Amino acid sequence: QNNIVLGANFRYLRQEIEGYSSVNAVVADIGLRWQFYDFQSSWRINNICAEHYKYLELPISYQTEFAYYLSGAALFCVGIEKKEDLAYAAGLKFDIVPNFQLINSYMFESQQLAFGFNARLQRYRIDYGVKFHTYLSPSHSISINYYFK
């Protein structure tokens, strides 16, 4: 269907705490996105392959997002994540040029602010994000995506 997308991904996760330890793991997620005109919703299950890896806890989490296109170039999104407790977030996405978007979000309970971008070139997309934590150094995330269709 043109307005329904089902997907899965495998992520390589490297978590490093300076002067303490580092962990490398491969985790998997599955998800579904449904779009109807200017409204879209997505459901995602994260970390479906392992809940623990060495010293790192990777609990299965469930995410639901609801988004509305404010204009052709701006999207407003609210989301709920369930690990142990519910966590709420809101975000914005701006199309700068057709294949480049800026993204920001704010998680209310943990008071975490995040910024990032995604850039698309033919069947590839690069995503980068940085999240600012209350007590830790910022964490960075990068992914390279390939679209088969």
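Conventions we followed
- Residues numbered from 1 in each chain as written.
- Predicted model: local features only at pLDDT ≥ 70, side-chain atom pairs only at ≥ 80, totals over all residues.
- Heavy atoms only, no water.
- Salt bridge = Lys/Arg side-chain N within 4 Å of Asp/Glu carboxyl O.
- Buried < 20%, exposed > 50% of the residue type's maximum accessible area, 1.4 Å probe, protein only.
- Phe/Tyr/Trp six-rings, centres within 6.5 Å; stacked < 30°, edge-to-face > 60°.
- Pairing = 2+ DSSP bridges.
- Helix = DSSP H or I, 4+ residues; strand = E, 2+ residues; numbered from the N terminus.
- Axes fitted to C-alpha atoms, helices over the stretch in contact; angles between N-to-C directions.

> Hey, could you go over the pattern of salt bridges for me, with residue numbers and the actual values?
Here the idea is simple: oppositely charged side chains can pair when their charged atoms come close. What the rule picks out here adds up to 1 salt bridge. For the salt bridge of Arg-125 with Asp-127, the shortest nitrogen-to-oxygen distance reads 2.7 Å. With a relative accessible area of 23%, Arg-125 lands in the partly exposed category. On the accessibility criterion, Asp-127 (16% relative accessible area) is buried.

> Could you give an account of the packing of aromatic side chains, with specific residues and numbers?
Considering all chains together, one arrives at 9 aromatic pairs under this definition. The interplanar angle of 85 degrees and the centroid separation of 5.3 Å between the aromatic rings of Tyr-106 and Phe-108 together place this pair among those described as edge-to-face. According to the relative accessible area criterion, Phe-108 is partly exposed, its value standing at 45%. By the ring-pair criterion, three or more aromatic residues cluster together here, those being Trp-34, Phe-36, Tyr-37, Phe-39 and Phe-66.

> For the sheet that holds strand 6 (residues 61-71), give the residues involved together with the corresponding values.
The sheet built from 10 strands is open, its strands ordered 1-2-3-6-7-8-9-10-11-12 with antiparallel pairing. At either margin of the open sheet sits one strand with a lone partner, and together these are strand 1 (4-17) and strand 12 (139-146). Sheet twist, expressed as the mean angle between neighbouring strand axes with direction ignored, is 20 degrees. With 8 bridges connecting them, strand 9 (residues 100-107) and strand 10 (residues 112-121) associate as antiparallel partners. Pairing of Tyr-106 across the sheet is with Leu-113, part of strand 10.

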